[in-house]
Amino acid sequence: MGRLAAHPSEVTHGEASLPLSREQQALMVPGPSPGISGGEGEMVVAMGVAARGADASAKEKHSPYVLEMHGITKSFSGVKVLDDVELTLRRGEVVALLGQNGAGKSTLIKILNGDYTKDAGTIIIDGMRVEMETPRDAIARGIRAIYQEPNTVSELSVAENILLGRLPLRKPRGSGVPIVDYEGMRREAMRVLNMLDVRIDPDVEVGRLTVAERQIVEIARALSAEAKILIMDEPTAALTDREIKRLFEVVEGLKSKGVGIIYISHRLEEVFRIADRVMVLRDGRNAGIFERNRFTHQDLVRAMVGRSLVQGHLAPARPAGPAILSVENLSRRGCLDYVSFQVRAGEVVAFFGLMGSGTDYLAKALVGAVPVDGGTIAVDGVPVHFKSPGEAKIHGIGLVPADRKTEGLILEMSVEENITLPSMDKLTRGGFLRRDEKIAVASRWVNGLGIRCRSLFQPARFLSGGNQQKVLLAKWLARHMKVLVIDEPTRGVDVGAREDIYGILKRLAEEGMAIVVLSSDLPEVLRISNRILVLYKGRVMAEFSGEDATQERVLYCAMGGVS
Amino acid sequence: MMIGTGRPGDAAIRETTQAVRGTPGVLKWSGTAILLAFYAGMIIFFSVVSPYFLNVRNFLNIGTNMAYIGIMAAGSTLVLIAGGLDLSVEAVAAISGVIIGIIYRAGLGIWTGVIVSIILGTLVGAANGLCVTRLKINAFITTLGSMSIVRGIAFVLTGGLTSSLLHPGFRFIAMGDVAGIPFPLLMMAVVFALAFIVLNYMPFGRSIYAIGGNAEAARLSGINIDLITMLVYVISGAAAAGSGVLLTSMLGASAPQAATGVALTVIAAVILGGTSLSGGKGSIWGTLLGTLILGTLNNGLVLLNVSSFYQDVARGAVLLLAVALDRLRERGAV
Ligand SMILES: Nc1ncnc2c1ncn2[C@@H]1O[C@H](COP(=O)(O)OP(=O)(O)O)[C@@H](O)[C@H]1O
Ligand SMILES: [Mg+2]
């Protein structure tokens, strides 16, 4: 406090002050204009806001684009994830960014947002070449990102969230100590909320708002900070149809204020409704740019799929066994919409769904790990009821969850203990664990699945992703389950281990297991399954047998297209 | 290879099995080794500076005086490994003495009192467990609350007064010995042996580690995490009550203020022994060593006539030092 009292002017004029116009801010930066250095004939601006001279604003008027990205290239440990990617965005324009899982959308956005540094390429904002080193740089240049999970502080009020990091200050009469100007804060919050034409009480705690309202608070924050570019990465995944409509109205309002918007979504209807242009990424490259009203669904899907071949089919031989798992009308408000299906012995049934489609919820619902509102599950034709994975296990259903580090493994525990964790109750004598039997079981599966580890007693943390994934499979194989539910079987797994895992699934099915795979990896789904069910907004939109499934058709349904 | 039907008897598999076996976790000493060295250093130091320190009788003394802490610490080890915390142990110990006193004076027999107090301890543990698992109240808050409630009831029941409790049979718990070994030490040994067996050789114990390591993974593996968490608190409550029986016998009185502040010493002993405050890691041997280190430190300082105020300082310093060493070791090893 002492410091604040001693240098009040410093504090009030710092970042924490009321949103000032950019000119005012530029005037207030002390000392010489920082860091303008010439590079290859173009101006490289090191500190966005302050360095906009008359020269730059003249240039601004000529460039129709608020953002240009040219030749963006990025590799992760030698693998090229983005290769010479172009993206342009006009003022007041919505560009939809489309692409399959792993196409590089998030990476591109993160480069723009200063989370990753690019290996090559240029970023031009308002006609000026800039370098994004940190997310702070991006914010300083008027770039804001909104993700599926709102990044708001639940304990603070709407107004405080809108002005987070820029709280207006005032000095009460007679004292030099600046305090938060709550009136000014409310006024500014009201101003931007009115601009967006939404009715949210600025005094209410954000924790009491819905996800949709929180996203609108984030948009208001961006507006208040005079963002020029708004990135929305799958913002609608968790919203209801009405909330989406509301969000789109807000987006229209932003457009009319000249904000450029990059919109990532997997839903064709949304793309058609809101996008002025669509940019498709495939395998880290540009795969097409489409102007509004100049493309069809098929154009987009074809661009997303490209010509990449599905390698050798790995589905089990045609299954003839009886239905092992029968699911009828499994439902959960907002997550699952009366899902019904059957899986026979020896069959691999794959659910394909993009982010927000509900595959993750379905996977957990199948083992009672999340609540459902209704529906029945039968195993071997007998209806079963369970409310926890422990009870599902008794009925022979086990789940390999999508995130092996946070949901699958006990990282500090040994390979042996992880493998035997679900079967401990079967490996006891008189209440005591049979050590030798436990070790024998674990080593049988370590050998059977080819899990590479230094010893059975090595903590699971030190295994590679592929081997960790095999440990998760081994957990349920050691208990001889009837039904195996596998969510994203090969996410983040190297190519070799991926082939191993496909081979394992095939053999397991051929030994009579019923296997349910849930995945957002299109080639994977096509390769390993006997049947494909497409999930969109929690509903089964289509079913394909292995033969009549093509990448285009499956993807089209998964994006909400009607087959 | 038919992966679903291979038997462990296969010669080929057995061969590779040997290759990947290695050393089981129970035999891993690296974490405890540094603590042992620390303890040895401490013993050498006190032996040099005090002529009364290094003899069998003094060591039996240390053990006897620390037994009631050790018993609580054994229970708390399970709680901490499961990722929880139990502050209510000290109040449960105190109310045990109070209950024994009331029942004894009501003429219902001292052993009835002992049994009732242990049942009460398990009930407090069950209440803690319910709050943590059902109401999802954080363990620190839950047990801080139950500590206050239980301690308060102990004061209400006694009007705040300490009353002496003289019963020759009951006195044996603190003062008796079997073949020259003090009874409290035997009690502690039994509790630690039980905890060791449970933690290492029973599915229940391994589930405790699993829950502390990653509760969601444990749940998806079909472990009933609520039930196990619940049981862990019940065990801690029972251990605290048993510890209270011993403490009451040592004091020869039921005192509502008994064991005030002991919960922190108990947690210090467990943490000193290498158990992680965030759960999933720890051993009962570590806790035994942690208890002995704290007890030995106290004893040595008393023998040196160091003021009890400084003893608190020393205890805190040792805790920080030992844990810091452990962290440094971990960072160096990984
Ligand atoms: N931090 C990272 N380290 C290594 N690889 C990554 C990282 N982030 C993304 N990738 C890889 O880059 C590719 C593109 O990922 P991403 O940009 O997330 O795609 P999208 O968002 O289109 O689904 C994927 O193959 C992914 O595995
Ligand atoms: Mg992404």
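Here the structure is shown first, and the text comes after it.
Residue numbers run consecutively from 1 along every chain, following the written order of its sequence. Chain letters start at A and ligand numbers start at 1, both assigned in the order the entries are written. Per-residue local features of the predicted model are confined to residues with pLDDT of at least 70, and side-chain atom pairs are confined, for both listing and counting, to 80 or more; whole-chain, interface and lining totals are unaffected and use all residues. The basis for every side-chain value is the complete set of non-hydrogen atoms in the structure, without hydrogens or water.

Is there a simple way to think about the overall build of chain A in this case?
Helical segments are the DSSP runs of H or I of at least four residues, strand segments are the runs of E of at least two, and each set is numbered from the N terminus. Looking only at helices and strands, chain A features 21 helices and 26 strands. Across the 563 residues that make up chain A, the buried fraction comes to 56%. Contacts are residue-level and defined by heavy atoms, with any inter-residue pair within 4.5 Å sufficient. Of all intrachain contacts in chain A linking residues separated by at least 6 positions in sequence, the fraction that spans at least 24 positions is 67%. Accessible area for chain A stands at about 24,100 Å²; split by element, carbon and sulfur atoms hold 51% of it. Each residue's exposure class comes from its accessible area (1.4 Å probe, protein chains only) as a fraction of the maximum for that residue type: buried when under 20%, exposed when over 50%, partly exposed otherwise. Note on areas: these come from Shrake-Rupley sampling with a 1.4 Å probe, and a residue is covered only by the protein chains present in the view.

Is there a simple way to think about the overall build of chain B in this case?
If you tally the helices and strands in chain B, you get 14 helices and 4 strands. In chain B, which comprises 334 residues, the share counted as buried stands at 51%. For chain B, contacts bridging at least 24 residues in sequence account for 76% of all contacts bridging at least 6. Surface accessibility of chain B: about 14,800 Å² in total, with carbon and sulfur atoms responsible for 71%.

When you look at the site of ligand 1 in this model, what are you seeing that I'm missing?
All names here are of chain A. For this purpose, a residue is taken to be near a molecule or strand whenever a single non-hydrogen atom of the residue falls within 4 Å of it. Looking at ligand 1, the residues that line it are Phe-76, Val-81, Gln-100, Asn-101, Gly-102, Ala-103, Gly-104, Lys-105, Ser-106, Thr-107 and Tyr-116. At a separation of 2.7 Å, an oxygen atom of ligand 1 approaches a polar backbone atom of Gly-102. What qualifies as a polar contact is a pair of N or O atoms within 3.5 Å, subject to a donor-acceptor requirement within protein and to the restriction that residues adjacent in sequence count only when both atoms come from side chains. Within the contact set of ligand 1, an oxygen atom lies 3.3 Å away from a backbone nitrogen or oxygen of Ala-103. With 3 residues, the single largest contributor to the shell around ligand 1 is helix H5 (residues 105–112). Under the scheme applied here, ten amino acids are nonpolar (Ala, Val, Leu, Ile, Met, Phe, Trp, Tyr, Cys and Pro), four are charged (Asp, Glu, Lys and Arg), and all others, including Gly, are polar. Across the shell around ligand 1, the residue classes break down as 4 nonpolar, 6 polar and 1 charged.

Sorry, what's going on with the side chain of A:Thr490 here?
The residue A:Thr490 is located in the loop between strand E23 (483–487) and helix H19 (495–510) in this model. In contact with A:Thr490, other than residues within four places in its own chain, are A:Arg498, A:Ile501, A:Tyr502 and A:Glu524.

Is there a simple way to explain the nonpolar core in this structure?
As a rule of thumb, nonpolar side chains are buried together in soluble globular proteins. Residues B:Phe170, B:Ile208, B:Ile223 and B:Ile293 are the most contacted members of the largest nonpolar core, which totals 96 residues. It is helix H3 (residues 56–81) of chain B that provides the largest number of residues to this core, a total of 13 residues. Not counting residues within four places of it along the chain, the set of residues in contact with B:Ile293 comprises B:Leu35, B:Phe38, B:Tyr39, B:Met42, B:Leu272 and B:Val318. What makes a nonpolar core is a set of buried Ala, Val, Leu, Ile, Met, Phe, Trp, Tyr and Cys residues whose side-chain atoms join them at distances within 4.5 Å. Counting residues in hydrophobic clusters, the runner-up holds 73 residues, among them A:Ala96, A:Val271, A:Leu427 and A:Leu505.

How do you make sense of unusual backbone geometry when you look at a structure like this?
Leave glycine aside and you will find that most residues have negative phi; peptide bonds, for their part, are mostly trans. Residues and elements named next belong to chain A. Residue Asn-329 is not a glycine yet carries a positive backbone phi of 55°. Mapped onto the elements of the fold, Asn-329 is located in strand E15 (residues 323–332). Judged by relative accessible area, which is 38%, Asn-329 ranks as partly exposed. Phi is positive for Tyr-338, close to 45°, though the residue is something other than glycine. One can find Tyr-338 in strand E16 (residues 336–344). Among the residues examined, Tyr-338 registers a relative accessible area of 55% and is labelled exposed.

Would you mind going over the packing of helix H7 (residues 168–175) of chain B against helix H8 (residues 183–201) of chain B with me for this structure?
Working note: a packed helix pair is described by the angle between its axes plus the distance between those axes. Residue and element names in this part refer to chain B. Interaxial angles span 0 to 180 degrees and are taken between N-to-C directions of axes, which are lines fitted to C-alpha atoms, for helices over the stretch in contact. One way to put it is that H7 packs onto H8 with a least axis distance of 6 Å and a crossing angle of 70°. As summarised for this structure, H7 and H8 are arranged roughly perpendicular, according to the angle between their axes. Residues Phe-172, Ile-173 and Ala-174 of H7 touch H8, and the partners they reach there are Phe-183, Pro-184 and Met-187. Its residues assigned to classes, the contact of H7 with H8 comprises 6 nonpolar, no polar and no charged. Angular relationships are summarised with four words: roughly parallel below 35 degrees, roughly antiparallel beyond 145, roughly perpendicular across 65 to 115, and oblique for the angles in between.

It is not clear to me how the pattern of salt bridges should be interpreted in this structure. Could you clarify?
Working definition: two side chains of opposite charge can pair if their charged atoms are close together. When a carboxyl oxygen of Asp or Glu lies within 4 Å of a side-chain nitrogen of Lys or Arg, that pair is called a salt bridge. Under the counting rule described, the total for this entry stands at 39 salt bridges over all chains. For A:Glu249, the salt bridge is made with A:Lys245, and the minimal N-O distance between the two is 4.0 Å. Taken together, the residues span about one helical turn, with A:Glu249 and A:Lys245 both in helix H10 (residues 241–256) at a distance of 4 residues. The closest approach of N and O atoms between A:Arg498 and A:Asp521, which form a salt bridge, is 3.2 Å. On the criterion of sequence distance, the pair formed by A:Arg498 in helix H19 and A:Asp521 in the loop between strand E24 (514–519) and helix H20 (522–528) is long-range, its members being 23 residues apart. Members of the salt-bridge network, linked through shared partners, are A:Glu416, A:Glu417, A:Lys438 and B:Arg206.

Quick question: what am I supposed to make of helix H5 (residues 110–133) of chain B here?
Three or four residues apart is the spacing at which side chains of an α-helix point the same way, because the helix has 3.6 residues per turn. Residues and elements named next belong to chain B. Taking 1.5 Å as the rise per residue, H5 with 24 residues should run 34 Å; its terminal C-alpha atoms sit 35 Å apart, in good agreement. Among the residues making up H5, those that are buried are Ile-110, Gly-113, Val-114, Ser-117, Gly-121, Val-124, Gly-125, Ala-126, Asn-128, Gly-129, Val-132 and Thr-133. Looking at the buried positions of H5, the neighbouring elements they touch are helix H4 (89–105), helix H6 (139–158), H7 and helix H11 (225–251). To estimate the expected span of a helix, subtract one from its residue number and multiply by 1.5 Å.

I would appreciate a short explanation of the sheet that holds strand E19 (residues 382–384) of chain A in the present structure.
By way of backbone hydrogen bonds, the strands of a sheet pair with one another, either parallel or antiparallel. Residues and elements named next belong to chain A. Any two strands are treated as partners once DSSP identifies two or more bridges connecting them. Pairing within the open sheet is antiparallel, and its 4 strands lie in the order E16-E15-E18-E19. Of all the strands in the sheet, just E16 and E19 have a single pairing partner and so form its edges. Recorded for the sheet is a direction-independent mean angle of 20° between the axes of neighbouring strands. Across 5 bridges, the pairing between E15 and strand E18 (residues 374–379) is antiparallel. Paired with Ser-326 across the two strands is Ala-378, which belongs to E18.

Any chance you could explain the pairing of strand E13 (residues 277–282) of chain A here in plain terms?
Residue and element names in this part refer to chain A. A large share of E13 lies buried, amounting to 5 of its 6 residues. Two strands pair when backbone bridges link them, and E13 and strand E14 (residues 285–291) are joined in this way by 5 bridges, in the antiparallel orientation. When the bridges of E14 are listed, Val-278 appears paired with Phe-290. The turn joining E13 and E14, which pair antiparallel and follow one another in sequence, is formed by 2 residues; a positive phi near 45° is taken by Asp-283.

How should I be thinking about the pairing of strand E4 (residues 79–90) of chain A in this particular structure?
Side chains on a regular strand alternate between the two faces of the sheet. Residues and elements named next belong to chain A. The pairing of strand E3 (residues 65–76) with E4 spans 8 bridges and is classified as antiparallel. Counted as the bridge partner of Met-69 is Leu-87 from E4. Counting the residues between successive antiparallel strands, the hairpin from E3 to E4 contains 2 residues, one of them, Ser-77, with a positive phi of roughly 35°.

None of the figures reported here should be taken as evidence of function without further support.
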